[in-house]
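# Survey of secondary and tertiary structure
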Amino acid sequence: MNMISKPSAPVGATSRLTSRISALPGADKALLKLLFGAALLALVLGLAGGFVTALARAGALTFFPDDTYRLLTLHGVSVFFYWLYLIQAALLLGLAAAENGRGLALRPFAWLGAALMVAGFGVSEWISYTGTPLLYDGNPELAADDPRSVGFFALGYLLLSGGLVASAVSGIATVLQPRLRGEADEFTAVGFALFAWAGFLVVSAIAATNAFLPGVLWSLGAGPFPADHGTEWHILFHNLHYLPLMATVLVWYVLTEHLTGVTSIHGARMSKIVFAAYLVFVPPTSLYHMFLEPNLSEGVRVAGSLLSLFVSVPTLAAFAIIVSSLEASARARGATGFFGWMRGLPWGNPAMANMGWSVVNMMIGITFAFVLIQGDLAPMLSDTFFVPGYFHFFAVGVLTQTFLAAMMVMLPALGGGTLWRPAALRRMPVVVTIGLLIFGAAGITAGFMGVPRRVFDVSYGGMAPAAWPVLMALVGIGATIFAVAISVTVYGVVRTLLSRRSAAAAEGPVVDWRAGERGVGTAPAWTGPVSVAALVAAMYVFTIVAFQLIQSLPIVAIGGGHGH
């Protein structure tokens, strides 16, 4: 048979996750609402900036050059730093409090962290709007004659870094509480992941301090001009890439148990090894961010290309564990067919729909990410529209949709309200993906043709290839589609955050696959490994295609070391 028996939980039934969130102390709930609200505000601002930017790239809007860079700065700062890191702080503290079962430990540190991050958010938005536009990496060379802008821009990021450290301290103390109370001999898989994630946040905050403190000191006349900012940014930027991915995988892990009752069939130890792998594989693979440096030795380029092959090992391993656990549990309940087992998942739940389509977007994005990080291709593609073309599959399709899925589960439990129009919300992820496919296909093709990523008027006085404006118009169409869909989802999440109605129907449908009639493991579960194998094959194919197409680039965009 192709259909799995899927007993659903009663409407309004609560899981261990949501019941523990509902029981949190009032102070913890207030803190989490503040962080979720600030994160959503950052997302809204970044989404608006990105949408206007896409329309300008498509030729639908016209701005003065300084205004276009200001839009890019506001978009990048709001989304890449404040949305992704405010939401990570909120999820870290919320999941840690639920794991502890008794709320947050060292609560003053958590509140201090929130205050610092919100203050940093305000400073960064203000100086991005009023000062010299430095783009989201805060490159001081763009404002060598404006130390005020450099100083305040760097200050905003330093406040964010301090807030992340304070939040991580509270998170670490919280997940340690069960062991300190003698209620547990070791971490659970989720507890260990939270502990590692918090530690990674601290390391990234230190990297951010190394990158931006010299700018503050220079602006105050207490230090030299930060000429090494580019190198420090490369190191920080690598962590900024993979911290949200680690958070995404953890959210998948938690939501899978919440929505299906399934935990890893490979055991908690294997899950801990995979989460620890982020700390092992991510730092050494940062060399590929240096490929734009003109004086980089050939040996370092070769080493970077080889190490880049390992950068996605933890994410793909976690994906394989989650998918194989779901498939094995489904087949234990009688599911057959290569994809038939997936029909039993609770797709009517918006959180499940968001999570499922985020996996699709990850597979697409990671394929082209491996094309970009090859040593011979990176210098030619990194300053083209190839980068935003592929990267939005991650930033929007994977990270944003996953974190919104987590809020769809946590906010009703946090505030006692109901999820806004689940039937409408569960349809948005596929619309987002359609928009991303249009945006990504046009953007990646434009990158292969040499369209620069940070030049808005790509006509070059009529000398540019005729395909360029057509591709940019398609970028604008795709951006409009996914921006509208994400906006609907954000509106629904905000309505949920502000809802005060009874939680009698707060949760969407879930299933219970914890016990199977045939026993887990009696039928093979191949979807996860086959998907990873197909992904590897696709990466090789598109890398070969890229090497062939790159020979016909009309403009070769060689970076000047300014990074990403």
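Residues numbered from 1 in each chain as written. Predicted model: local features only at pLDDT ≥ 70, side-chain atom pairs only at ≥ 80, totals over all residues. Heavy atoms only, no water.

Any two side chains of opposite charge can pair, given that their charged atoms come close. Per the counting criterion, the structure on display carries five salt bridges. With its nearest N and O atoms 2.5 Å apart, the salt bridge here joins R107 to D28. Here the residue R107 occupies a position in helix α4 (residues 107-130), and D28 occupies one in helix α2 (residues 26-57), the gap between them amounting to 79 residues. The class for R107 is partly exposed, based on a relative accessible area of 25%. Its relative accessible area of 0% is what places D28 among the buried residues. (Salt bridge = Lys/Arg side-chain N within 4 Å of Asp/Glu carboxyl O. Helix = DSSP H or I, 4+ residues; strand = E, 2+ residues; numbered from the N terminus. Buried < 20%, exposed > 50% of the residue type's maximum accessible area, 1.4 Å probe, protein only.)

Now for the packing of α2 against α4. Packed helices, taken two at a time, are described by their axes: the angle between them and the distance between them. Direction vectors running N to C along α2 and α4 enclose 20°, while the axes themselves pass 11 Å from each other. Relative to α4, α2 is oriented roughly parallel. As for the relative orientation of α2 and α4, their crossing is left-handed in sense. For the pair α2 and α4, contact is made by A27, D28, A30, L31, L34, L35, A38, L41, A42 and L45 and by R107, A110, W111, A114, M117, V118, F121 and E125, respectively. When grouped by side-chain class, the residues that make up the contact of α2 with α4 number 15 nonpolar, no polar and three charged. (Axes fitted to C-alpha atoms, helices over the stretch in contact; angles between N-to-C directions. Parallel < 35°, antiparallel > 145°, perpendicular 65-115°, else oblique. Left-handed = near helix turned anticlockwise from the far one by under 90°. Contact = heavy atoms within 4.5 Å. Nonpolar A, V, L, I, M, F, W, Y, C, P; charged D, E, K, R; others polar.)

Our focus in this paragraph is a nonpolar patch on the surface. A cluster of nonpolar side chains, L34, W111 and V118, forms an exposed patch at the surface whose accessible area comes to about 220 Å². The residue W111 is located in helix α4 in this model. (Patch = residues over 30% accessible without salt bridge, like charges linked within 9 Å, V, L, I, M, F, W, Y side chains within 5 Å. Areas by Shrake-Rupley, 256 points an atom, 1.4 Å probe, with all protein chains shown as cover.)

Under the definition given, this model contains 29 aromatic pairs. Centre to centre, the rings of F212 and W233 are 6.3 Å apart; their planes meet at 75°, and the pair counts as edge-to-face. Of this pair, F212 sits in helix α6 (residues 189-219) while W233 is found in helix α7 (residues 229-260), placing the two residues 21 residues apart along the sequence. With a centroid separation of 5.6 Å and 80° between ring planes, the pair formed by F439 and F482 is classed as edge-to-face. Taken together, the residues span a long stretch of sequence, with F439 in helix α15 (residues 428-448) and F482 in helix α16 (residues 467-498) at a distance of 43 residues. Judged by its relative accessible area of 6%, F482 falls in the buried class. The lysine or arginine in question, R57, covers the ring of F456, its NZ or CZ lying 5.5 Å from the ring centre. (Phe/Tyr/Trp six-rings, centres within 6.5 Å; stacked < 30°, edge-to-face > 60°. Lys NZ or Arg CZ within 6 Å of the ring centre and 35° of its normal.)

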